[in-house]
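Per-entry structural report
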Amino acid sequence: MQIQTQVQLKPFNTLNLEAIASHYAHIQSTDDLLAALDFAEQQQLNVLILSGGSNMLLPEQIHALVLHIDIQGIEMLDGDDQSQRLRVGGGQGWHDFVLWTTAQGLYGLQNLALIPGRVGASPVQNIGAYGVEVGEFIDSVAVYDRQLKQFGSISAADCQFAYRHSIFKDEPNRYVITHVTFKLLKQPDLKLNYGDLKTAVGDTLTAENLQQQVIQIRQSKLPDPQEFPNVGSFFKNPLVDQPVFDQIAASFPNLPHYQQANTQVKLAAGWLIDQAGWKGKQLGSVGMFHKQALVLVNYGQASLTDVRKTYRAVQQSVWEKFKLLLEPEPVLFDQNGLIRSHQDEK
């Protein structure tokens, strides 16, 4: 493990923002991790964890030690007639891992195909798509606890998974995720909650077909980050109480919505943004994608300032039309490598 200085992170974040890290380390093992954290402590540097770079907003200069987690490997653990546990390195590519599970006859993650990023980041955001959240299939998360200075394991129950949320977002500077243990099914249990997915799957009710249709739908709507740099869905789908939904739906009867178990209603942020006139609209080099209004795209050499200007304008338009404040999904970092709240921006 080598500590590099003045490293350009543009190739390592999918929004393609220029960001120079004062210090950088490529982490391929737990020994690398310990050595890097020891260096950061000696040099009194904050630590920024970089995984696939698909859910982060970086400033142009970062005075911190950036740890690029690249721990690989898939290990089969115990199983029974219904399920199989497996331990996966945090640096494993997420989409490739999903494809691998399907090829192995292991089920549950097919709805999450083609989501960018790496396995280690999946519990943080509790990534979800088409009615499935990854937390449903996580058994435990292996971490290095920077507070206790020791390795440990956090059970799924203690991860406090919720919509786009986990304990790792509550304590972002405490844990470094090294591995994730999944508990997957040996028999398919297809989730077809979303109309466009159910229609696409049709009568071929197999996990393989479900996965293929998810991939095709995402490819038809979402831009390839290599062609149009983006972080995927930029805003969370808002969860509102029933009276709020009823009030909005009275004026917008075609409002897409998904009833939740807790009596709340999930609204489609992409539809709200589209209705506010932002689908395909740009401010300078940043805009909302013409095929999917939920995706913010860097069309040129945009800076973090450019990105902020655009997403704030989108928030304002949606607020004026629906009286709903959209919450950005990607994590915002400051020049010291620390996570900032979008609401605290100046």
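Residues numbered from 1 in each chain as written. Predicted model: local features only at pLDDT ≥ 70, side-chain atom pairs only at ≥ 80, totals over all residues. Heavy atoms only, no water.

Bringing empty space enclosed by the protein into the picture now. Counting across every chain of the model gives one cavity of 30 Å³ or more. Taken as a whole, the largest cavity encloses approximately 60 Å³ of empty space. Looking at the largest cavity, the residues that line it are Tyr107, Gly108, Gln110, Asn111, Val132, Pro188, Asp189, Leu190, Lys191, Ala207 and Leu210. Of the residues assigned to the lining of the largest cavity, the class counts are six nonpolar, three polar and two charged. (1 Å grid on protein atoms, 1.4 Å probe; cavity = no way out; pocket = protein on both sides within 12 Å on 5 of 7 lines; lining within 4 Å. Points joined across faces, edges and corners; volume = space filled by probe spheres on them. Nonpolar A, V, L, I, M, F, W, Y, C, P; charged D, E, K, R; others polar.)

Right, let's get into the side chain of Gln292. Along the polypeptide, Gln292 turns up in the loop between β18 (286–288) and β19 (295–298). Judged by relative accessible area, which is 19%, Gln292 ranks as buried. Side-chain polar atoms of Gln292 contact the backbone nitrogen of Leu294, separated by 3.0 Å. (Helix = DSSP H or I, 4+ residues; strand = E, 2+ residues; numbered from the N terminus. Buried < 20%, exposed > 50% of the residue type's maximum accessible area, 1.4 Å probe, protein only. Polar contact = N/O pair within 3.5 Å; in protein donor to acceptor, adjacent residues only side chain to side chain.)

Its boundaries defined by the atoms lining it, the second largest pocket holds a volume of some 670 Å³. Counting residues per element, the ones that place at least two in the lining of the second largest pocket are α2 (94–103), α6 (207–221) and β13 (230–233). Among the domains, domain 1 (3–69) and domain 2 (74–220) are the pair contributing at least three residues each to the lining of the second largest pocket. (Domains from an automatic or database assignment.)

Taking 1.5 Å per residue, 14 residues should reach 20 Å; helix α1 (residues 30–43) reaches 20 Å between its end C-alpha atoms and fits that length. Listed as buried for α1 are Asp32, Leu33, Ala36, Leu37 and Ala40. Taken end-on, α1 shows its buried residues confined to a sector of 125°, consistent with a single buried face. Turned more than 90 degrees away from the buried face of α1, the exposed residues are Asp31 and Gln42. (Expected span 1.5 Å × (residues − 1). Arc of directions from axis to C-beta.)

Attention now moves to the packing of aromatic side chains. This model, assessed by the stated rule, comprises 15 aromatic pairs. Here Phe234 and Phe235 contribute two aromatic rings whose centre-to-centre distance is 5.2 Å and whose plane-to-plane angle is 70°, an arrangement assigned as edge-to-face. On the basis of relative accessibility, which here comes to 0%, the residue Phe234 falls in the buried class. Ring centres 4.7 Å apart and planes at 50° place the aromatic pair Phe252 and Phe322 in the tilted group. Of this pair, Phe252 sits in the loop between α7 (242–251) and β15 (257–259) while Phe322 sits in helix α9 (residues 304–322); the two residues are 70 residues apart in sequence, bridging distant segments of the chain. Judged by relative accessible area, which is 5%, Phe322 ranks as buried. One aromatic cluster in this structure is built from Trp94, Phe97 and Phe182. For Lys281, the ring lying beneath its charged end belongs to Trp278, and the centroid distance is 4.4 Å. (Phe/Tyr/Trp six-rings, centres within 6.5 Å; stacked < 30°, edge-to-face > 60°. Lys NZ or Arg CZ within 6 Å of the ring centre and 35° of its normal.)

Turning to the UniProt feature "domain: FAD-binding PCMH-type" (unreviewed entry) in the protein, a few remarks are in order. This chain's UniProt record puts "domain: FAD-binding PCMH-type" (unreviewed entry) on residues 17–187. With 19% helix and 38% strand, residues 17–187 has its two end C-alpha atoms placed 42 Å apart. (UniProt positions renumbered as here; feature names shortened; annotations may be inferred.)

Our next topic: the UniProt feature "active site" (unreviewed entry) in the protein. Under the UniProt annotation, "active site" (unreviewed entry) lies at Arg164, Ser233 and Glu329. A maximum C-alpha distance of 11.6 Å is found for the annotated residues, which run over 166 residues; spatially they form one tight group. By secondary structure assignment, the location of Arg164 is in the loop between β11 (150–155) and α4 (167–170). Accessibility expressed as a relative area gives 11% for Arg164, which makes it buried.

Our focus in this paragraph is the sheet that holds strand β14 (residues 239–240). Taken in spatial order, the three strands make up an open sheet running β14-β16-β15, and their pairing is antiparallel. In this open sheet, the two strands that pair with only one neighbour each are β14 and β15. Bridge count between β14 and strand β16 (residues 265–267): two bridges; the pairing is antiparallel. Each bridged residue has a counterpart across the sheet, and for Val240 the counterpart in β16 is Val265. In the packing of α7 onto the sheet, contacts are made with β14, β15 and β16, and the angle to β16 comes to roughly 45°. (Pairing = 2+ DSSP bridges. Contact = heavy atoms within 4.5 Å. Axes fitted to C-alpha atoms, helices over the stretch in contact; angles between N-to-C directions.)

Within the secondary structure layout, Ala207 lies in helix α6. Residues Ala207 and Pro188, 19 residues apart in the sequence, show an inter-C-alpha distance of 6.1 Å. Setting aside anything within four residues of it in sequence, one finds Ala207 in contact with Tyr107, Gln110, Pro188 and Leu190.

With domains assigned, the protein is organised as domain 1 (3–69), domain 2 (74–220) and domain 3 (235–328). Centre-to-centre separation of domain 1 and domain 3, based on C-alpha positions: 31 Å. Taken together, both faces of the contact between domain 1 and domain 3 bury some 610 Å²; the carbon and sulfur share is 63%. Together, Leu15, Leu17 and Leu57 form the three largest contributors to the area buried by domain 1 at its contact with domain 3, with a combined 62%. (Buried area = accessible area lost by both parts, 1.4 Å probe.)

Here we take up the pairing of strand β2 (residues 20–27). The buried fraction of β2 is high, at seven of eight residues. As judged from the five bridges shared by strand β1 (residues 3–8) and β2, these two strands associate in the antiparallel manner. Looking at the pairing, Gln4 lines up with Tyr24 of β2. In the sheet, β2 pairs with strand β5 (residues 61–69) via seven bridges, with the strands oriented parallel. Residue pairing across strands places Ala25 opposite Leu67, the latter belonging to β5.

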